[in-house]
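So the chains spell out like this:
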Amino acid sequence: MTARARERGGLRGRIRQPAASRSNALHAGAWWLWALGLATAASRTSNPLLLLLLVAVAGYVVAARRTEAPWARSYGAFLKLGLLVLALRLVFAVLLGSPIPGTHVLFRLPELPLPHWAQGVRLGGPVGAEGVVFALCDGLKLAALLVCVGAANALANPARLLKSLPGALYEAGVAVVVAMTFAPNLVADVQRLRTARRMRGRSDRGVRALIQVGLPVLEGALERSVALAAAMDARGYGRTAEVPPGVRRLTAALTLGGLLGVCAGTYGLLAAEGAGFGLPVLALGLAAALAGLWLGGRRSVRTRYRPDRWGVRAWLVAGSGVAVAALMIHAAVSDPGALTPPAVPLRAPTLPLWPAVSVLLGLLPAFAAPAPTPAPAPGPAPAPHRSAPRNSKGAER
Amino acid sequence: MIRFDNVSVTYPGAAAPALRGVDLTVPEGELCLLVGPSGVGKSTLLGAVSGLVPHFTGGTLHGRVTVAGRHTHVHKPRELADVVGTVGQDPLAHFVTDTVEDELAYGMESLGVPSDVMRRRVEETLDLLGLAELRDRPIATLSGGQRQRVAIGSVLTVHPKVLVLDEPTSALDPGAAEEVLAVLQRLVHDLGTTVLLAEHRLERVVQYADQVILLPEPGAPPVVGDPAAIMAASPVFPPVVGLGKLAGWSPLPLSVRDARRAARPLRERLADRRPTPALPPQKTAAIAEASGLSVRRGRIEALRAVDLTVRPGETLALMGRNGAGKSTLLGTLTGLHEPASGTVRVGGLLPHRTPPRELVRCVGLVPQEPRDLLYADTVAAECAAADEDAGAAPGSCRALVAELLPGVPDDTHPSDLSEGQRLTLALAVVLAARPPLLLLDEPTRGLDYAAKSRLVAHLRALAADGHAIVLATHDVELAAELAHRVVILADGEIVADGRTAEVVVSSPAFAPQVAKILQPGPWLTVPQVATALGEGARA
């Protein structure tokens, strides 16, 4: 029995996701494709049950696969932002009224009489149940989009995604990464200076305190960026290779020409009369621009340290997102009634079977992607926090 | 390896050159220490090696600097990146990426090192610096010593021939500083790297140096030589050298070990004497009292069941490794953090419930970065604002500044002051409210010996005046000189609390050099020994 068991264990062991490490880290692009797939799916429906299912799917994958890294904490912020958007949408619908004609009036707000030139705008007045339900669904759609973006942010290191940019765009990528690490430092500076205000006997609360520390914070940020620039220079940032002038000119011509081609092609596609030449010109322009970028990369001497590999698991993760999007788009065409139920008349929403099943495909990363901690029991058990060392001097808090 | 030929550097708008007539050579594979008072041009000299002076900072450089045969005048810093590795004072300002492993690889990526070589060198460097367990960690979560090691590692991976470091151990606790210095030793011994470092804490580094470059005063040419010879003549020296000079040992010992071997006669002479004890304050009512105090910051318990009493006239040193909870304790005494359990009272008030205006009259804190306290653009305006904030009579802060910091004109911008002057100005601003309890967070960071001894004199006078003083510090020599009592924190708990001599003498990490040399005697500082010997001579 041992042999068979071992064999089974071996097969299972091969299929089971490995513990995440730097070597098998999923390509950041795969996470983004997956999240954008879910977001596309969310944009195709206003069925609240489907939207909630999408949010649940994204949330489960984040809970199962996110790490303890600082960027992974951004998910909570995106969730809150989603709730805020939902609430705002509802408040506007109640205050400004809704274009949805309804017969079920929930309550009446005192209506503000407006001058005749503001005709069509209404403040207050009757609030219909249909309007509120419509606003809720609409807000939920926006919130679901935000949650999907937040999931991508929490699962993939944004800096790692920028590292996958072509060589010619590398410097722009570094600028973005540096800016991203600056934001937390600024927050820490503001906190430090506000506590210092307390030591001067001034209040550390309120807007005024925040404004008064503004100048010192900016000064500090400026000093830090000068120091960083010096450090980067001393570490070889911006070293370039010699490129023959011919190649340089060709690069410029290809990039510019390519971009022009892309513009013309897009115009052709969108404008009514040029549909025939639009697509080929767009393709040509894209090709030229990509060639220009590739040639431009020859100027930089950089190499890449342990780039993320696009393996089978990355295909699975990205594929599941694309599949969800494709199936939802198909469903939106074939069964519009189920995906965008009419707000009038008021009815309890139903969960259409096949779209729901296709949304569940988005759960695949929770099984296919490498697991963040080699936890003995599967599940979103938080890693013990004791091992996390204390930040010296509250640099981050 | 490094050669300066008659180098002088003048910054635009400066009346005098920052460096003048520098002629020196650092041979390959040496650890070379750069010493001198603040503002003497140490950073300029270091910058000239990496090419940041004058390419990045501006100014004109006369003469010629050659590093590994390359002229820094012709080569920009980025073209010197493969021979010179530079680590500045603040490692955080040095990091470009967000995780340890990426940071180690960043320099090599810029230089275009092939990926298999990069991988091998990162692994080697992780082992060399003991960073293997931290490889995937975000840099923001590292401690001070770990950050410093990552910063050194990040320039080591490109295999530079020269390593330039500006105050690598100033911000570190004694243990972490040992860690960093051990790494530097290893580089010099095993890899033949040439190391040039500037450091104020001579007691930590001078015994490792092969050569010392002393910049005695601004614009004066440097004195270069053997560490023992330079220390004998230098205006700045560590306590071990001070003791050696006092006892007349020759050759002058630089390390505690050498000094212990020479100290046998001195120990015998001192055997029947006792240092004049620092006057313990009378048992008066406590000015600050914490009992069963616990503080949480986020999910972390920064302090656990802390009992502490501070009396007027008493100087207390809080010690412990980075992140042990020293700053949190000071913050709790000033009401920044609310206790999770237990109580804390300062002058009878609950700090976190007291409005700041009232609290500043009970307790004053000089933060780690004194600049945080200063907002105005002239010293005079700063003093006027301080009087207003504290509700003191106009002119009282200015009078304090005149007393503590004579000769500073009214219209000086606070950021034009030297590190030590800025600290003193912040101290004056805090003292304007006449708080009976004074807290200082890491006051000697970046101070040279002269500024430090002025600070010690000020604080002694304040304590004699009846102020209670609490210092959070890594500087064991400062604690030995000033404190009546030492409290050692570890992981948020008090692990030792007692008279300085009792706590410090037996501890390997927190003992000052004199205590280590004269063990098991209760001696802490050179002046104590000098007084005892003087009395002995008279008797």
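By the naming in an unreviewed UniProt entry, chain B is ATP-binding cassette domain-containing protein, taken from Streptantibioticus ferralitis. In UniProt, chain B has this text filed under Sequence similarities (unreviewed entry): "Belongs to the ABC transporter superfamily."

Draft legend 1. Spotlight on the overall build of chain B. The number of helices and strands found in chain B is 22 helices and 19 strands. Seen through its principal axes, chain B has C-alpha atoms that stretch 65 × 55 × 50 Å. Relative to its full complement of 539 residues, chain B shows a buried share of 58%. Within chain B, contacts between residues at least 6 apart in sequence are counted, and of these 66% link residues at least 24 apart.

Draft legend 2. Expanded view of the environment of V495 of chain B. If you trace the backbone, V495 of chain B turns up in strand β19 (residues 493-499). Filtering out sequence-adjacent residues up to four positions away, V495 of chain B remains in contact with I488 and A490 of chain B.

Draft legend 3. Inspection of the side chain of S320 of chain A at higher detail. All names here are of chain A. Relative to the elements of secondary structure, S320 occurs in helix α12 (residues 312-334). The exposure class of S320 is buried, given its relative accessible area of 4%. When near neighbours in sequence (up to four residues on either side) are disregarded, S320 contacts W34, L361, G362, L364 and P365.

Draft legend 4. Summary view of the side chain of E203 of chain B. Residues and elements named next belong to chain B. Relative to the assigned elements, E203 resides in helix α8 (residues 202-205). It turns out E203 is buried and unbridged, and the closest side chain with the opposite charge, K452, is 4.7 Å from it. One polar contact links E203 to Y449, side chain to side chain, over a distance of 2.8 Å. Among residues more than four places away in sequence, those in contact with E203 are P238, P239, Y449, D475, E477 and Q513.

Draft legend 5. Representation of the sheet that holds strand β17 (residues 468-472) of chain B. All names here are of chain B. Strand order in the open sheet made by the six strands is β15-β16-β17-β13-β18-β19, with mixed pairing throughout. Of all strands in the sheet, those with a lone pairing partner are β15 (363-366) and β19, marking the two edges. If you compare each strand with its neighbour and ignore which way they point, the axes differ by 15 degrees on average. The strands touched by helix α13 (residues 326-333) are β13 (315-319), β15, β16 (437-441), β17 and β18 (485-490); relative to β16, the strand with the most contacts, the crossing angle is about 150 degrees. Packing against the sheet, helix α18 (residues 449-464) makes contact with β13, β16 and β17, and its axis sits at approximately 145 degrees to β17.

Draft legend 6. Expanded view of the sheet that holds strand β2 (residues 19-26) of chain B. Residue and element names in this part refer to chain B. Taken together, the four strands give an open sheet; going across it, the order is β2-β1-β4-β5, and neighbouring strands pair in antiparallel fashion. Lying at the two open borders of the sheet, with one neighbouring strand each, are β2 and β5 (70-71). In this structure, strand β1 (residues 2-10) lies alongside β2, joined through five bridges in antiparallel fashion. By the bridge assignment for β2, V7 is matched with V22. Along the sheet, helix α1 (residues 42-50) makes contact with β1, β2 and β4 (60-67), crossing β1 at roughly 120 degrees.

Draft legend 7. Examining empty space enclosed by the protein more closely. A full pass over the atoms with the stated rule returns ten cavities of 30 Å³ or more. Of the voids in this model, the largest cavity is the one considered here, and its volume is about 230 Å³. Lining of the largest cavity is provided by 18 residues; of these, A159, K163, V174 and V177 of chain A together with T97 of chain B occupy positions nearest its centre. Taken together, the elements giving at least two residues each to the lining of the largest cavity come down to α6 (158-163) and α7 (170-199) of chain A together with α4 (100-111) of chain B. Of all the elements, α7 of chain A adds the most residues to the lining of the largest cavity, at five residues.

Draft legend 8. The arrangement of the packing of α12 of chain A against helix α14 (residues 353-360) of chain A in detail. Residue and element names in this part refer to chain A. The contact between α12 and α14 brings their axes to 8 Å, and the two run at 165 degrees. As judged from the angle between their axes, α12 and α14 are roughly antiparallel. In terms of crossing hand, the pair formed by α12 and α14 is left-handed. Of the residues in α14, those in contact with V324, L327, M328 and A331 of α12 are P355, S358 and V359. Taken together, the residues of the contact of α12 with α14 sort by class into six nonpolar, one polar and no charged.

Draft legend 9. Representation of the interface of chain B and chain A in the model. On the side of chain A, 55 residues touch chain B, which itself brings 78 residues to the contact. Of the roughly 5800 Å² buried at the junction of chain B and chain A (both faces included), carbon and sulfur atoms supply 53%. By the criterion of area lost to chain A, the three top residues of chain B are R78, E109 and Y375 of chain B, representing 12% of everything that side buries. Applying the counting rule to chain B against chain A returns eight salt bridges. Between E382 of chain B and R200 of chain A there is a salt bridge, with the nearest N and O atoms lying 2.8 Å from each other.

Draft legend 10. Representation of the packing of aromatic side chains in the model. Taken as a whole and judged by the stated rule, the model has two aromatic pairs over all chains. When the ring of W310 of chain A is compared with that of W315 of chain A, the centres are 5.6 Å apart and the planes differ by 75 degrees; the resulting orientation is edge-to-face. On the basis of relative accessible area, W310 of chain A is assigned to the partly exposed category, the value being 31%. Residue W315 of chain A is classed as exposed on the basis of its relative accessible area of 59%. A cation sits over an aromatic face here: K452 of chain B above Y449 of chain B, 5.6 Å from the ring centre.

The rules behind each value
Residues numbered from 1 in each chain as written. Chains lettered and ligands numbered in written order. Predicted model: local features only at pLDDT ≥ 70, side-chain atom pairs only at ≥ 80, totals over all residues. Heavy atoms only, no water. UniProt positions renumbered as here; feature names shortened; annotations may be inferred. Helix = DSSP H or I, 4+ residues; strand = E, 2+ residues; numbered from the N terminus. Buried < 20%, exposed > 50% of the residue type's maximum accessible area, 1.4 Å probe, protein only. Contact = heavy atoms within 4.5 Å. Lys, Arg positive; Asp, Glu negative; His and termini not counted. Salt bridge = Lys/Arg side-chain N within 4 Å of Asp/Glu carboxyl O. Polar contact = N/O pair within 3.5 Å; in protein donor to acceptor, adjacent residues only side chain to side chain. Pairing = 2+ DSSP bridges. Axes fitted to C-alpha atoms, helices over the stretch in contact; angles between N-to-C directions. 1 Å grid on protein atoms, 1.4 Å probe; cavity = no way out; pocket = protein on both sides within 12 Å on 5 of 7 lines; lining within 4 Å. Points joined across faces, edges and corners; volume = space filled by probe spheres on them. Parallel < 35°, antiparallel > 145°, perpendicular 65-115°, else oblique. Left-handed = near helix turned anticlockwise from the far one by under 90°. Nonpolar A, V, L, I, M, F, W, Y, C, P; charged D, E, K, R; others polar. Buried area = accessible area lost by both parts, 1.4 Å probe. Phe/Tyr/Trp six-rings, centres within 6.5 Å; stacked < 30°, edge-to-face > 60°. Lys NZ or Arg CZ within 6 Å of the ring centre and 35° of its normal.

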